[in-house]
Amino acid sequence: AQSVSQHNHHVILSEAASLELGCNYSYGGTVNLFWYVQYPGQHLQLLLKYFSGDPLVKGIKGFEAEFIKSKFSFNLRKPSVQWSDTAEYFCAVTPSTGTYKYIFGTGTRLKVLA
Amino acid sequence: GAVVSQHPSRVICKSGTSVKIECRSLDFQATTMFWYRQFPKQSLMLMATSNEGSKATYEQGVEKDKFLINHASLTLSTLTVTSAHPEDSSFYICSLSGKETQYFGPGTRLLVL
């Protein structure tokens, strides 16, 4: 069955610390990969996406993610987090063809301490 | 990206009543919209895919007679929770399918007493 797992449910970091959030997926075909962020009280916003090409993708607000096909992983990273990065982060996968029907991970709640 | 609105943002209703949630695309013509449900501390679960001018496609385990979806125009899809019960209390989010991604609405929190 198709699934997306995010290993870290809650992460607490101090400002300037580095961040890495794990995302692994299970799917028997070619996929497109996404990271979304949900700030408190706001709607989901796209951070970055991977469709093909360079497996290291850069997104908004200094975030990047690396697609490692052999590990079925798409981990999110940021070298130095800020208090304003406090939010919930969702990894999502869709098949490369057909409708963009997302499968979401369970989310990681990040709290950055000032 | 596209701007998506939902109305109402919060609704409280009595058990047994029906509630309609609207999802509007303000600046994009959406042939396909999606409806999700998010339980506290859990991920978004896709409920159904709403196609303009045709019947919605429901995910396994979602009762189509319970969650009525109408996508009558390219800018509006509605979700009606019929005969709501406390277990239907949740956060309902719509999205529309853009060129390569989805654009999400702010969500509607439903509380059924």
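Our subject is the structure that appears above.
Here the structure is a predicted model, which is why all the values come from computation and not from measurement. The written sequence of each chain sets the order in which its residues are numbered from 1. For this description, chains carry letters from A and ligands carry numbers from 1, given in the order in which they are written. Only residues with pLDDT of 70 or above have their local features reported here, since the model is predicted, and side-chain atom pairs are shown and tallied only from 80 upward, although totals for entire chains, interfaces and linings are computed over all residues. Excluded from the side-chain calculations are hydrogens and water; all other atoms, namely the structure's heavy atoms, are used.

Student: Whenever I open this one, the overall build of chain B confuses me. Can you help?
Tutor: Secondary structure elements are taken from DSSP: a helix is a run of H or I of four residues or more, a strand is a run of E of two residues or more, and numbering for both begins at the N terminus. Of regular secondary structure, chain B possesses zero helices and 11 strands. Ordering the α and β elements of chain B from the N terminus gives β-β-β-β-β-β-β-β-β-β-β. In terms of overall dimensions, chain B is globule-like: its C-alpha atoms have a radius of gyration of 13 Å, near the 13 Å expected for 113 residues. Each principal axis of the C-alpha atoms in chain B carries an extent, and together these give about 40 × 25 × 20 Å. Counting over 113 residues, chain B shows a buried share of 50%. We call two residues contacting when some pair of their heavy atoms lies within 4.5 Å. Residue pairs in contact within chain B that sit at least 24 positions apart in sequence constitute 53% of those at least 6 positions apart. Surface accessibility in these figures is a Shrake-Rupley result with a 1.4 Å probe; residues are shielded only by whichever protein chains are displayed. Of the roughly 5700 Å² of accessible surface on chain B, 52% is carried by carbon and sulfur atoms. When charges are tallied, Lys and Arg are placed among the positive residues and Asp and Glu among the negative ones, while His and the ends of the chain are skipped. Charge coordinates come from a single atom per side chain, which is NZ of Lys, CZ of Arg, CG of Asp or CD of Glu. Across chain B, the mean location of the 11 positive side-chain charges is 6 Å away from that of the 9 negative side-chain charges. Values of the radius of gyration come from C-alpha atoms, whereas the globule rule sets the reference at 2.2 Å times the count of residues to the power 0.38. Only protein chains enter the calculation, and the probe is 1.4 Å; a residue is then buried if its accessible area is under 20% of its type maximum, exposed if over 50%, and partly exposed in between.

Student: Any chance you could explain the layout of surface pockets here in plain terms?
Tutor: Here the idea is plain: a probe the size of a water molecule rolls over the atoms and shows the empty space left. With a 1 Å grid spanning the protein atoms alone, the term cavity applies to any set of points in which a 1.4 Å probe fits but cannot get out, the term pocket to an open set with protein on both sides within 12 Å along at least five of seven lines, and the term lining residue to any residue with an atom within 4 Å of a point. Grid points are joined across faces, edges and corners, and a volume is the space filled by probe spheres set on the points. Estimates place the volume of the largest pocket at around 500 Å³. Around the largest pocket, the lining comprises 23 residues; the ones closest to its centre are A:Gln38, A:Gly41, B:Gln38, B:Phe91 and B:Arg109. Ranked by residues supplied to the lining of the largest pocket, first place goes to strand S12 (residues 108–113) of chain A with three residues. Under the convention adopted here, Pro, Cys and the residues Ala, Val, Leu, Ile, Met, Phe, Trp and Tyr are nonpolar, Asp, Glu, Lys and Arg are charged, and Gly plus all remaining residues are polar. Per-class residue counts for the lining of the largest pocket are eight nonpolar, nine polar and six charged. Considering only enclosed or pocket space, the second largest pocket measures out at about 320 Å³ in volume.

Student: Looking at this structure, I do not really get the sheet that holds strand S1 (residues 4–7) of chain B. What am I missing?
Tutor: What links the strands of a sheet is backbone hydrogen bonding, and the strands pair in either a parallel or an antiparallel sense. Residue and element names in this part refer to chain B. At least two DSSP bridges between two strands are needed for those strands to be called paired. Strand order across the open sheet formed by four strands is S1-S3-S8-S7, with antiparallel pairing between neighbours. Every other strand in the sheet has two partners, leaving S1 and strand S7 (67–73) as the edge strands with one partner each. Within this sheet the neighbouring strands show an average axis-to-axis angle of 15°, counted without direction. An axis is simply a line fitted to the C-alpha atoms; with a helix, the fit covers only the stretch in contact. Between two such axes, the angle follows the N-to-C directions and lies from 0 to 180 degrees.

Student: Sorry if this is basic, but what is going on with the packing of aromatic side chains here?
Tutor: In this description, an aromatic ring pair is defined by two values, namely the gap between the centres and the angle between the planes. Stacked, edge-to-face and tilted are the three classes for Phe, Tyr and Trp ring pairs, Trp counted by its six-membered ring, which pair at centre distances within 6.5 Å; planes under 30 degrees apart are stacked, over 60 edge-to-face, the rest tilted. In the structure shown here, the tally under the stated rule is 20 aromatic pairs over all chains. Ring geometry for B:Phe67 and B:Tyr92: centres 6.3 Å apart, planes at 45°, overall tilted. Here B:Phe67, found in strand S7, pairs with B:Tyr92, found in strand S9 (residues 90–97); they are 25 residues apart in sequence, far enough to count as distant. In terms of burial, B:Phe67 and B:Tyr92 fall into one category: buried. Within the aromatic cluster, the residues linked to one another by ring pairs are A:Phe34, A:Tyr36, A:Phe51, A:Phe90, A:Tyr102, A:Phe104, B:Phe34, B:Tyr36 and B:Phe104. Directly above the aromatic system of A:Phe51 lies the positively charged group of A:Lys49, at a separation of 5.8 Å from the ring centroid. When the NZ atom of lysine or the CZ atom of arginine is within 6 Å of a ring's centre and also within 35 degrees of its normal, the charge is said to sit over that ring.

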